[in-house]
Amino acid sequence: MTPIDDRERAIEAMLFASDEPLDPRQLAGRLGDESTPGEVRAIIQAIAARHAGSGIELVERGGHWHFQTPADLAHLLRRERDDPRKLSRAASEVLAIVAYHEPVSRAEIEAIRGVQTSKGTLDVLMEAEWIAPAGRREVPGRPLIYRTTDAFLQHFGLSSRKDLPGIEDLRAAGLLDPVDLAFEEAMGELDLVKDGEEA
Amino acid sequence: MTPIDDRERAIEAMLFASDEPLDPRQLAGRLGDESTPGEVRAIIQAIAARHAGSGIELVERGGHWHFQTPADLAHLLRRERDDPRKLSRAASEVLAIVAYHEPVSRAEIEAIRGVQTSKGTLDVLMEAEWIAPAGRREVPGRPLIYRTTDAFLQHFGLSSRKDLPGIEDLRAAGLLDPVDLAFEEAMGELDLVKDGEEA
Amino acid sequence: MEELPLDFELAPAAAEREDALQLSLESWEGPLDLLLTLARGQKVDLRQISILALVEQYLAFITEMRALKLEVAADYLVMAAWLAYLKSALLLPKDPTEDPSPDELALRLQLRLQRLAAMREAAARLLARDRIGRDVFLRPKPEGLREVRVRRWDASLYDLLVAYGQVKLRTEPVVHMVARRPVVTLDAALHHLERMIGIKLDWAELSDFLPADYDGPLRRSAIASSFLAALELARQGRVDLKQDGAFEPLYLKAASA
């Protein structure tokens, strides 16, 4: 085995000891030498490669990296006392809507679900730090809008929002567009077809 | 790299995710297969060897194993940041008294200052490493006595205590003048001095 | 998935059975959710569902609930009224002037159901991912990266000396030093004047008897002492004094007698 370079050891130790995921910029800052975030990123990837296939893996979540156990070993590590947060059906739907549509206002969430969102539902998701307010929409009433957080990406094992399951298909199918827009498009297509028939 | 065997991965993950060090017997029990503690011990040693020289090490403590970061990288986990503070007037006085009268006890410092000196003031000066205890005075009560340190000389740009200006130097520099006298002199009432010189 | 009350397979299956309709409305997240569950019962792609059939199912469900004297929330009733209108519009001969047309309303409903279905499925896939604390695990007690603030005390030599000066000043025994003023004593003035009287024969001003280099406070002192000395010599009959008026110069000469 070739000896591991000092910087690589240092970065590995920092990622291992940290109580939160770290990005290359934070790591470069802590190294305190002349390392650039770009160099650090390359080293992180080397570390991740070294651990690949072992019982510990280094993963990227929203640009930040952390060590975790591989999912296929869950049965050995899960214990009775582990009680992951249970999400109500309403909360899981709202979370999905925020994730796939972000940034999104409460009214927009309600338009999709066809039902009022109780205050508690957003609170639960904010308390879990999976969603956070992201400013206000510049429309009358200036409603607060929400987005998902880095903690959301970490918890659900997503490297980035592009990793949201099926997001590309949903976008391509127009299912992330508002009803009004989809409706106009559908009517436009119908008119075209009609015109075509008449011609 | 040869692929890592399943049991080795499992044991590595268990050691990583455990909140306390584990021994081979506990690990064998959790594996839930026919592995003996002896086999597990051999696997643990293989894992430890695999991590040797990296930024993560697997160490034994009283027969139990756990992952930790190497001691030589501790400085990276605990970053120090300067927090400059101006020495208080009281602390400056005490420091000056120690410098001019060393070695000196707290009671003696108080006698010279004419006011009580809090323990905290001496603590600050010891934290700054400008004064240090220098034994005890052989008088009833055997009070601790203090002296200045090399760090004190260094900080104040003195090569030795003898470089401290004497009382006469201080007087000549106006540092022993009461404020009101200095004010009168500044106003030019110089007759007295002139007459005195001529007399 | 055991943690989720979401179960997408069960709902359509239950909707197929008449007794499933006995369920309380609390099982649904609003009328749209109920409609979606019923639509799933048609077992076709949401783009191909029969809106008319769906409307009829919904109205039948609500009717049954009311027949059972179950409380039906207002929003379910509002939806029922709207769907009843849609149903009649869909069944009546088409009126081209009607805007929006029943077909457009049906399309909107269909689009809404598609969107809700998409998000419901997305939520299920999201929650089925490898989640921290359930599928993947972190170090339970990482050392943490700490930032330790180290106090650096600062003071200059000047601060130190000023402080020491102040201590000295504050605690030195207060001694009032009376500055030694240059004075000419009465004895000295007498002696001087006696000598000078012998030299000056005519009337002379008192100040002429003083040494020329006396100035400032010393001169004032000399004047005062010499005046007293002149009075003393006059009392002894050794000098004569004269003055032309108040505050005028004082003259003296050796007594003529």
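Rules and cut-offs
- Residues numbered from 1 in each chain as written.
- Chains lettered and ligands numbered in written order.
- Predicted model: local features only at pLDDT ≥ 70, side-chain atom pairs only at ≥ 80, totals over all residues.
- Heavy atoms only, no water.
- Contact = heavy atoms within 4.5 Å.
- Buried area = accessible area lost by both parts, 1.4 Å probe.
- Salt bridge = Lys/Arg side-chain N within 4 Å of Asp/Glu carboxyl O.
- Polar contact = N/O pair within 3.5 Å; in protein donor to acceptor, adjacent residues only side chain to side chain.
- Helix = DSSP H or I, 4+ residues; strand = E, 2+ residues; numbered from the N terminus.
- Nonpolar A, V, L, I, M, F, W, Y, C, P; charged D, E, K, R; others polar.
- Core = buried A, V, L, I, M, F, W, Y, C linked by side-chain atoms within 4.5 Å.
- Buried < 20%, exposed > 50% of the residue type's maximum accessible area, 1.4 Å probe, protein only.
- Pairing = 2+ DSSP bridges.
- Arc of directions from axis to C-beta.

So, about the interface of chain A and chain B. In this complex, chain A contributes 28 residues to the contact, which on the side of chain B involves 29 residues. Its largest share of buried area at the contact with chain B, chain A owes to Arg9, Phe16 and Arg30 of chain A, together 25% of the area lost on that side. One can count two salt bridges joining chain A with chain B. Linking Arg9 of chain B and Asp72 of chain A is a salt bridge whose minimum nitrogen-to-oxygen distance equals 2.8 Å. Between chain A and chain B we count nine residue pairs in polar contact (both at pLDDT 80 or more) in total. Looking at the side of chain A that touches chain B, the elements that each hand over two or more residues are α1 (6-17), α2 (24-31), α3 (37-51), β2 (64-68) and α4 (74-77) of chain A. Residues that form the side of chain A that touches chain B fall into these classes: 14 nonpolar, seven polar and seven charged.

Turning our eyes to something else, we now look at the nonpolar core. Counting 48 residues, the largest nonpolar core has Ile11, Met14, Leu15 and Phe67 of chain A together with Ile11 and Phe67 of chain B as its most contacted members. For Ile11 of chain B, the contacting residues outside a window of four places in its chain are Leu27, Leu31, Val40, Ile43, Ile44 and Ile47 of chain B. In this structure, Leu87, Ala96 and Ile97 of chain B together with Trp153 of chain C belong to the second largest nonpolar core, which totals 34 residues.

Moving on, we come to the sheet that holds strand β3 (residues 239-243) of chain C. Residues and elements named next belong to chain C. Pairing within the open sheet is antiparallel, and its three strands lie in the order β2-β4-β3. Each edge of the sheet is formed by a strand with only one pairing partner; in this case those strands are β2 (204-205) and β3. Pairing of β3 with strand β4 (residues 250-254) involves five bridges; the strand directions are antiparallel. Of the residues in β4, the one forming a bridge with Leu241 is Leu252.

Okay, helix α2 (residues 24-31) of chain B next. If you check which residues of α2 of chain B are buried, you get Pro24, Leu27, Ala28 and Leu31 of chain B. Projected down its long axis, α2 of chain B carries its buried residues within an arc of 100°, all on one side. Turned more than 90 degrees away from the buried face of α2 of chain B sit Arg25 and Gly29 of chain B, all of them exposed. Along its buried surface, α2 of chain B packs onto α4 of chain A together with α1 (6-17), α3 (37-51) and β2 (64-68) of chain B. Of the residues one or two after α2 of chain B, Gly32 of chain B is the one with positive phi, at around 70°.

Between Glu102 of chain A and the following residue, Pro103 of chain A, the backbone shows a cis peptide bond with an omega angle of -5°. Positioned with a positive phi, Glu129 of chain B is a non-glycine residue whose angle comes to about 65°. The residue Glu129 of chain B is located in the loop between α7 (119-127) and β5 (131-136) in this model. Notably, Lys43 of chain C is not glycine yet its phi reads approximately 55°, a positive angle. Owing to a relative accessible area of 62%, Lys43 of chain C belongs among the exposed residues under this scheme.

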